[in-house]
Amino acid sequence: MHRLLLIAALLIASVAGASAEEAAASRTGLPQSVELPVRVRVALRVLNVLEIKEVAGQGRLQVELTQRWQDPRLAFDAIARGLARDDRVGDEADEYLKTIWTPGLTLDNQIGDKDSRSVALSVHAHGEVMLIERFESDFRFRMNMDAFPFDQQRLTLSLSLPRYPQQEAVIVTTEADRQFSGVDATPSVVDWRPLGLRFASEPAMGWNARSYSRLNATVTMARDAQRYVLRVFVPIIAVLAVSLFVLWSPGLKEQDKGGLIFSSLLALAAISFTFESSFPGSISLNTPIAEMISLGYLYLVAVLMFEIALAVVIATPQGRWTAEATALRYHLRWALPAIMLIVCLGAALRALPG
């Protein structure tokens, strides 16, 4: 008799365990009794921009990511429980997430793990699940330094659902979600100010050759160019201004003019190395500063060549071209600095954001 009771108890326990496993498995699969694809609503807040590495194409952001989806299997009787929403935070929320279906949202351009992560989970009585994650992480971005220091960088976070094709789950953001999205107006990173946050959807190809949903959240950051005027443009103008002394100083000997020009060339080279060390990418890329310095070399050499060549012709009073050389020298004193100034202004204006 005892053996029969023991066998019956074991059978009941095994059946109960199998039923529990089946119930758990049924809750971790795609939600039932909902229209496919499952819509995962996303809101994103950039709480802080901690670092921007333009040349490396990386940045560190602190973000708050909110996901919402509908799962009728998690609905409960609010009157019987005495609450309309079941909240969990921290480790309790992470453990509960292992027992239910989650969309498996990933950040495609994230580098490394999520630091300083905190999580909160709410399950509403009607079956809506809201997952909020707040964390810091490094991301890989596409940077364009061509307009430095008047550039605007677009930091794009690519959110996707790589586990499910578009026929089963998609990422969406509605007007209601955008009200909870945005970027903080006072980031920690210096010399930058945020201009706004925008969303754009696009399909992406998965490993199984099926397209899955992707949502790009782009933060536009504008560099504060006013902070670079004294540090960048004034030294360049000061070096190039030596040419005015060479062109207009009376009684200056040719060897002295050559010494001033060569000293200016060395100073311009030193400035370029200093800029590249202080502002990586400002000289090695096609930036307005790189154009000004490159043209500055040509401008200083041209000033020296024209001044010496015309001085030799003018030094011969009975020469055939003395009068023409004197007139040409007078015009070049105005024309060369004016042309260089116009070219530099054009390079700067061309880089200004439209």
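Reading the values: rules and limits
Residues numbered from 1 in each chain as written. Predicted model: local features only at pLDDT ≥ 70, side-chain atom pairs only at ≥ 80, totals over all residues. Heavy atoms only, no water. Helix = DSSP H or I, 4+ residues; strand = E, 2+ residues; numbered from the N terminus. Buried < 20%, exposed > 50% of the residue type's maximum accessible area, 1.4 Å probe, protein only. Polar contact = N/O pair within 3.5 Å; in protein donor to acceptor, adjacent residues only side chain to side chain. Contact = heavy atoms within 4.5 Å. Pairing = 2+ DSSP bridges. Axes fitted to C-alpha atoms, helices over the stretch in contact; angles between N-to-C directions. Parallel < 35°, antiparallel > 145°, perpendicular 65-115°, else oblique. Phe/Tyr/Trp six-rings, centres within 6.5 Å; stacked < 30°, edge-to-face > 60°. Lys NZ or Arg CZ within 6 Å of the ring centre and 35° of its normal. Salt bridge = Lys/Arg side-chain N within 4 Å of Asp/Glu carboxyl O. pLDDT = per-residue confidence, 0-100. Core = buried A, V, L, I, M, F, W, Y, C linked by side-chain atoms within 4.5 Å.

Caption draft 1: How the structure looks around unusual backbone geometry. With an omega of 5°, the peptide bond running from Phe-148 to Pro-149 counts as cis. In this structure, Pro-149 sits in the loop between β6 (128-140) and β7 (152-160). Positive phi outside glycine occurs at Ser-116, with the angle close to 50°. For Ser-116, the location among the structural elements is in strand β5 (residues 110-124). Using a relative accessible area of 60% as the deciding quantity, one classes Ser-116 as exposed. Backbone geometry places Asp-191, a non-glycine residue, at a positive phi of 65°. Positionally, Asp-191 belongs in the loop between β9 (182-183) and β10 (192-205). The class for Asp-191 is buried, based on a relative accessible area of 14%.

Caption draft 2: A look at the side chain of Asp-151. Secondary-structure assignment places Asp-151 in the loop between β6 and β7. Polar contacts involving the side chain of Asp-151 include one to the side chain of Gln-153, which spans 2.8 Å. Apart from the residues lying within four places of it in its own chain, the contact partners of Asp-151 are Asn-144, Met-145, Trp-192, Met-221, Ala-222 and Arg-223.

Caption draft 3: Expanded view of the sheet that holds β10. Strands sit in the order β4-β7-β11-β10 across an open sheet of four strands; the sheet is antiparallel. Strands at the two margins of the open sheet, each flanked by one partner only, are β4 (106-107) and β10. For β10 and strand β11 (residues 211-223), the ladder comprises 13 bridges, and the chain directions are antiparallel. Residue pairing across strands places Trp-192 opposite Arg-223, the latter belonging to β11.

Caption draft 4: Broad picture of the pairing of β5. Across five bridges, the pairing between strand β3 (residues 85-89) and β5 is antiparallel. By the bridge assignment, Val-89 is partnered in β5 with Ala-120. Here β5 runs beside β6; their pairing, made up of nine bridges, is antiparallel. Considered in β6, the bridge of Val-123 is made with Val-129.

Caption draft 5: Summary view of the packing of helix α7 (residues 254-278) against helix α8 (residues 288-314). The interhelical angle for the contact between α7 and α8, taken along N-to-C directions, is 175°, at an axis separation of 10 Å. Comparing the axis directions of α7 and α8 gives the class roughly antiparallel. Two secondary-structure elements touch here, α7 through Glu-254, Lys-257, Gly-258, Ile-261, Phe-262, Ser-264, Leu-265, Leu-268, Ala-269, Ile-271, Ser-272 and Phe-275 and α8 through Ile-289, Ile-293, Gly-296, Tyr-297, Leu-300, Val-301, Val-303, Leu-304, Glu-307, Ile-308 and Ala-311.

Caption draft 6: Representation of the packing of aromatic side chains within the structure. Evaluation of the coordinates by the stated rule reveals six aromatic pairs. Taking the centre distance of 5.9 Å and the plane angle of 25° together, the rings of Phe-150 and Phe-233 count as stacked. Taken together, the residues span a long stretch of sequence, with Phe-150 in the loop between β6 and β7 and Phe-233 in helix α5 (residues 229-240) at a distance of 83 residues. Taking relative accessible area as the criterion, Phe-150 reaches 16% and is therefore assigned buried. Ring pairs connect the aromatic residues Trp-69, Trp-101 and Tyr-164, which therefore count as one cluster. Positioned over the ring face of Phe-180 is Arg-68, at 5.6 Å from the centre of the ring.

Caption draft 7: Region of interest: the pattern of salt bridges. Under the counting rule described, the total for this entry stands at 28 salt bridges. The partner of Asp-87 in a salt bridge is Arg-85, with the nearest N and O atoms 2.9 Å apart. Residue Asp-87 is classed as partly exposed on the basis of its relative accessible area of 40%. With relative accessibility at 41%, the residue Arg-85 sits in the partly exposed group. Across the salt bridge formed by Arg-214 and Asp-108, the nearest N and O atoms sit 3.0 Å from each other. Residue Arg-214 is located in strand β11, and its partner Asp-108 is located in the loop between β4 and β5; the two are separated by 106 residues in the primary sequence. One network of salt bridges, in which partners are shared, links Arg-41, Arg-68, Glu-128 and Asp-177.

Caption draft 8: Structural context of the confidence of the model for the protein chain. On average, the protein chain scores 84 in pLDDT, and the residues at 70 or more come to 90%. Predicted confidence is poor over residues 15-25, with pLDDT under 50, and the contacts of this stretch with residues over four places away or in other chains come to one contact.

Caption draft 9: Examining the nonpolar core more closely. Counting residues in each nonpolar core, the largest one holds 43 residues, and the members touching the most others are Val-42, Val-49, Leu-61, Leu-155, Leu-157, Leu-159 and Met-221. Top element by residues in this core is strand β1 (residues 38-53). It accounts for seven residues. With residues near it in sequence (within four places) discarded, Val-49 still touches Arg-60, Leu-61, Leu-155, Pro-187, Ser-188, Val-189 and Met-221.

Caption draft 10: Geometry of the environment of His-124. Mapped onto the fold, His-124 is located in strand β5. Take His-124: its relative accessible area is 16%, and that puts it in the buried class. Linking His-124 and Ala-75, residues 49 residues apart in sequence, is a C-alpha distance of 7.0 Å. If we skip the residues at most four places from it in the chain, His-124 touches Leu-74, Phe-76, Ala-84 and Arg-85.

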